[in-house]
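Listed below, chain by chain, are the residues.
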Amino acid sequence: MKKKHYKSTDRNKSIPRYPSKTAVLYIRVSSDQQVGNFSIRTQLKTCRNYARREKLKIVGEFVEEGESAKDAERTELSNLLNFITRNKGNVDYVIVYKFDRWTRTQASFYSLKAVLIKNYTNLISATENTDDSPTGRFLEGIFSLVAQLDNEIKAQRTRDCMMTKALDGWYPHQPPYGYKNNKDTKRVEKDPIYFDNIKTIAYKFIEGEKCYKLAKYLNDQGLRTRGGDKRKPRIFTAKDVSGIIMRYSKFWAGKYDWGKERNIKGKHPTMISWEDHLLIQERFNKKEVSTGKPKQNFILNFSIRYKVGFLCCAECGERMKSCRSEGNGGFYHLYYCNNPKCSAKKKSIQRHELEGLLENLLEKITPTQRYIDMFKKITVEGWNNQQQEIEEKQKRAKKYKESLLIEKRETIAMRRREELELEDFKIEMERIKNELIVTKKVIEENQIDINELEALLEQAELFLSNIKPLYLGFNTKHKREFITIIFPEGIKYADGVLRTNKKSYLFEYLETIQKGEFEYVTPLGIEPRLQD
């Protein structure tokens, strides 16, 4: 078990309703290397100072050590949500250093925030200026979008590097059974534990041996699966062996696929010949195709968080189910409410009808070019105001840094004159060092360049102008992600009508613009254009 360096609050702790506003801190670093440096200490100090400045009572601290924001199943995040749910109404705020510490995807950002709102808790960034106004919620959405963009750019760079390595002949991922990555050379080599035994079952498979016997052979040799993805090693099954041989025989023969590239010649040692690989695949191709009922990839019927269904019945709130019903003329794919006490008159609807309703809904919420242009203008004005605030804050930080450097020199001089005890000197130097780190963070705070902002707004315009076409062009997985971003709390259906709980802040913000309720910029010059 990984050793914890920071103690977090007990998730089962109960707290009273204090007269003052309360807050819990959520601190996260994404790698083990960051645990030992100043990142956690800096985040803690900044969040504590923010709480002190805003006169908030800290009732809990949750420190996530080395867990990625891409994973919503984080240990301390789960503990924090349990703590807030247990103390519903008694925790006013969750404070994070930056919104990207909370999560790095917008869909996850809003789904997790919905849990906080349900328990009367708000999310605050100690370093990013937002509030609970329409403008603040919009800027909050922009921050979460920027975090997602930054994460995706880093992921793209990583993929590019991995592709370069793959094309060079060195497999850039965890190699299949029979091989391992050398930690020193970063190259794929034979695995002394598995190589010979995997080679044996490969040739036995070519000779016609059944997979369950091959699994028994591996288990008799004392071998177990390698585990991974939070699974523990276990004995091999026939299904394991079948999947391993079918997927990895090409790799064993010295070639592999990566991305869109096929049959890349690897530099790793081969286990079987290319002819042997073809014989293996030929045997799989001759196997009888399963006659079982095919699984249907229903687009809307899925869970987005905590086993809450995305598609629910508007009358009773129960998650709607999907089924494949046989009737006159063939099979029908249906969504239906399974609650016998539900008052809805029409409890089922065919899949294509409901998805047609969704497409009409996406077309209905698509804003006109007039409001998209207004949205872009307002965003740029908001960026200009925020830019001025950041520049002022950085000017103050630079002045403070100069005073800290003077104080540092004076402290060193006092120690040399023996006017300061060694222990006091160490304490002072540590304090100055920590203050300099925090100040440096403020000075080097990443800002969105105007060119980057314009590029983001162009992407936003492309998205907002083509909501329905984009949706129709995605595969099933991306359709799910797409509509989750737009409707973070799901969709409701009853009696032939599709309803939404709540749209994402971006679309709510656009609605305020269209209604003429936006309060961020001076109405002069804009107000006449809001009139229909």
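Here's what I pulled together on the structure shown here.

## Some words on the side chain of Asn90
For Asn90, the position within the fold is in the loop between helix 3 (75-86) and strand 3 (93-96). Of the residues examined, Asn90 reaches a relative accessible area of 16% and is grouped as buried. If near-sequence neighbours (up to four positions away) are discounted, Asn90 is found in contact with Ile15, Pro16, Arg17 and Thr22.

## Quick notes on the environment of Lys265
Along the polypeptide, Lys265 turns up in strand 8 (residues 261-265). Along the chain, Lys265 and Phe251 lie 14 residues apart, while their C-alpha atoms are 9.2 Å from each other. Contacts of Lys265, omitting those with residues within four sequence positions, involve Gly169, Gly254 and Lys255.

## What to know about the side chain of His277
With respect to the helices and strands, His277 occurs in helix 10 (residues 274-285). When near neighbours in sequence (up to four residues on either side) are disregarded, His277 contacts Ser249, Lys250, Ala253 and Ile272.

## With respect to the sheet that holds strand 15 (residues 491-494)
The strand order across the open sheet built from three strands is 11-15-16, with neighbouring strands paired in mixed fashion. Of all the strands in the sheet, just strand 11 (311-313) and strand 16 (497-500) have a single pairing partner and so form its edges. Taken pair by pair, the neighbouring strands of this sheet meet at an average axis angle of 35 degrees, ignoring direction. When strand 11 meets strand 15, the two strands line up parallel, connected through three bridges. By the bridge assignment, Leu311 is partnered in strand 15 with Ile491. Strands strand 11, strand 15 and strand 16 of the sheet are contacted by helix 11 (residues 351-365), whose axis makes an angle of about 50 degrees with strand 16.

## Here we look at the pattern of salt bridges
With the rule as written, the count across this model stands at 16 salt bridges. A salt bridge links Arg431 to Glu407; its shortest N-O distance comes to 2.3 Å. Taken as a pair, Arg431 in helix 13 (residues 422-443) and Glu407 in helix 12 (residues 369-416) lie far apart in primary sequence, 24 residues in all. Using a relative accessible area of 26% as the deciding quantity, one classes Glu407 as partly exposed. Each of the salt bridges in this network shares a partner with another, and the network as a whole consists of Lys376, Glu458 and Glu461.

## Things to note about the environment of Glu315
By secondary structure assignment, the location of Glu315 is in the loop between strand 11 and strand 12 (321-327). By relative accessible area, which is 35% here, Glu315 ends up partly exposed. In the structure, Glu315 is positioned 22 residues away from Cys337 in sequence and 9.6 Å away in space, judged by C-alpha atoms. Beyond its immediate stretch of four places on either side in the chain, Glu315 contacts Cys342, Ser343, Ala344, Ala494, Asp495 and Arg499. Within polar-contact distance, the side chain of Glu315 engages the side chain of Ser343 at 3.4 Å.

## Concerning the nonpolar core
Leu358, Phe375 and Phe487 are the most contacted members of the largest nonpolar core, which totals 38 residues. With 30 residues, the next largest nonpolar core counts Tyr194, Cys211, Leu214 and Phe251 among its residues.

## Some points on the state of the cysteines
Enumeration according to the criterion identifies zero disulfides in this entry. Cys313 forms no disulfide, and the closest cysteine sulfur to it belongs to Cys342, at a distance of 3.5 Å. You can call Cys313 buried: its relative accessible area is 2%.

## As for the packing of aromatic side chains
Following the criterion strictly, the structure yields 14 aromatic pairs and no others. Centroid distance Tyr177 to Tyr194: 5.3 Å. Interplanar angle 75 degrees. Geometry classified as edge-to-face. Of this pair, Tyr177 sits in the loop between helix 6 (134-167) and strand 5 (179-181) while Tyr194 sits in the loop between strand 6 (188-190) and helix 7 (195-206), and the two are 17 residues apart along the sequence. The same class applies to Tyr177 and to Tyr194, which are both buried. Measuring from centroid to centroid gives 6.4 Å for Tyr471 and Phe482, while their planes differ by 40 degrees, and the two rings are tilted. With Tyr471 in helix 15 (residues 467-473) and Phe482 in helix 16 (residues 476-486), this pair connects stretches of sequence that are eleven residues apart.

Conventions adopted
Sequence positions are assigned chain by chain, starting from 1 and proceeding in written order. Restriction of local features to residues with pLDDT of at least 70 applies here, the model being predicted, together with a cutoff of 80 or more for giving and counting side-chain atom pairs; totals for whole chains, interfaces and linings are based on all residues. Based on all heavy atoms of the structure, the side-chain values leave hydrogens and waters out of the count. Secondary structure elements follow DSSP: runs of H or I no shorter than four residues count as helices, runs of E no shorter than two count as strands, and numbering proceeds from the N terminus. The buried label applies to any residue whose accessible area, calculated with a 1.4 Å probe on protein chains only, is under 20% of its type's maximum; exposed applies above 50%, and partly exposed to all values in between. Should any heavy atoms of two residues lie within 4.5 Å, those residues are counted as being in contact. If DSSP finds at least two bridges between two strands, the strands pair. In this analysis, axes come from line fits to C-alpha atoms, helices being fitted only over the stretch in contact, and the angle between any two N-to-C directions falls in the range 0 to 180 degrees. Between Lys or Arg on one side and Asp or Glu on the other, a salt bridge is scored when a side-chain nitrogen of the former is within 4 Å of a carboxyl oxygen of the latter. Polar contact criterion, stated in full: a pair of N or O atoms within 3.5 Å, where within protein one must be able to donate a hydrogen and the other to accept it, and residues adjacent in sequence count only if both atoms are side-chain atoms. Among buried residues, the Ala, Val, Leu, Ile, Met, Phe, Trp, Tyr and Cys ones that are joined through side-chain atoms within 4.5 Å form a nonpolar core. Sulfur atoms of two cysteines make up a disulfide when they are within 2.5 Å. Two rings from Phe, Tyr or Trp (for Trp, the six-membered ring) form a pair when their centres sit within 6.5 Å of each other. Planes less than 30 degrees apart are called stacked, planes more than 60 degrees apart edge-to-face, and all others tilted.

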